[in-house]
Amino acid sequence: MIEVREVLRGWLDGGGLRTVAERAGVDRKTARRHVEAAQGAGLVKGAPLTAVTDELIGAVVKQVRPVRPDGHGPA
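Draft legend 1. Structural view of the nonpolar core. Formed by 19 residues in total, the largest nonpolar core has its most connected members in V4, V7, L8, L12, A38, L43 and V60. Sorting the residues of this core by element identifies α1 (2-12), α2 (17-24), α3 (28-40) and α4 (54-64) as the ones contributing at least two each. The element best represented in this core is α1, accounting for five residues. Residues within four places of A38 in sequence aside, it is in contact with L8, L43, L56 and V60.

Draft legend 2. Highlighting the environment of L17. Tracing the chain through its elements places L17 in helix α2. Residue L17 is classed as partly exposed on the basis of its relative accessible area of 28%. Setting aside anything within four residues of it in sequence, one finds L17 in contact with W11, R28, A31, R32 and V35.

Draft legend 3. Quick look at α3. The terminal C-alpha atoms of α3, which comprises 13 residues, lie 18 Å apart, in line with the 18 Å expected from a rise of 1.5 Å per residue. Of all the residues in α3, the buried ones are A31, H34, V35, A37 and A38. Within α3, the buried residues cover an arc of 165 degrees as seen down the axis, which keeps them to one side. Buried residues along α3 sit in contact with α1, α2 and α4. The backbone nitrogen of K29 has a side-chain oxygen 3.0 Å away, supplied by the residue at the start of α3, namely D27. G42, located one to two residues past α3, shows a positive phi value of around 110 degrees.

Parameters and conventions
- Residues numbered from 1 in each chain as written.
- Predicted model: local features only at pLDDT ≥ 70, side-chain atom pairs only at ≥ 80, totals over all residues.
- Heavy atoms only, no water.
- Core = buried A, V, L, I, M, F, W, Y, C linked by side-chain atoms within 4.5 Å.
- Buried < 20%, exposed > 50% of the residue type's maximum accessible area, 1.4 Å probe, protein only.
- Helix = DSSP H or I, 4+ residues; strand = E, 2+ residues; numbered from the N terminus.
- Contact = heavy atoms within 4.5 Å.
- Expected span 1.5 Å × (residues − 1).
- Arc of directions from axis to C-beta.
- Polar contact = N/O pair within 3.5 Å; in protein donor to acceptor, adjacent residues only side chain to side chain.

If you want it as structure tokens, here you go:
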């Protein structure tokens, strides 16, 4: 959850996906998925940092991470 918040704040602050991913400690593709999910939830590039709310992060996590009832994916 913390990395999602950091990716979105860095992106809103004008950082590129590579830079934001490095600072948040995630892969560039992961950062891109977080940003795309946030945009799908209504976040726009020029929004203030206060636009990154718990509700937005919850929507991003729900979109990006599939439901795994027992904690493991299909094997």
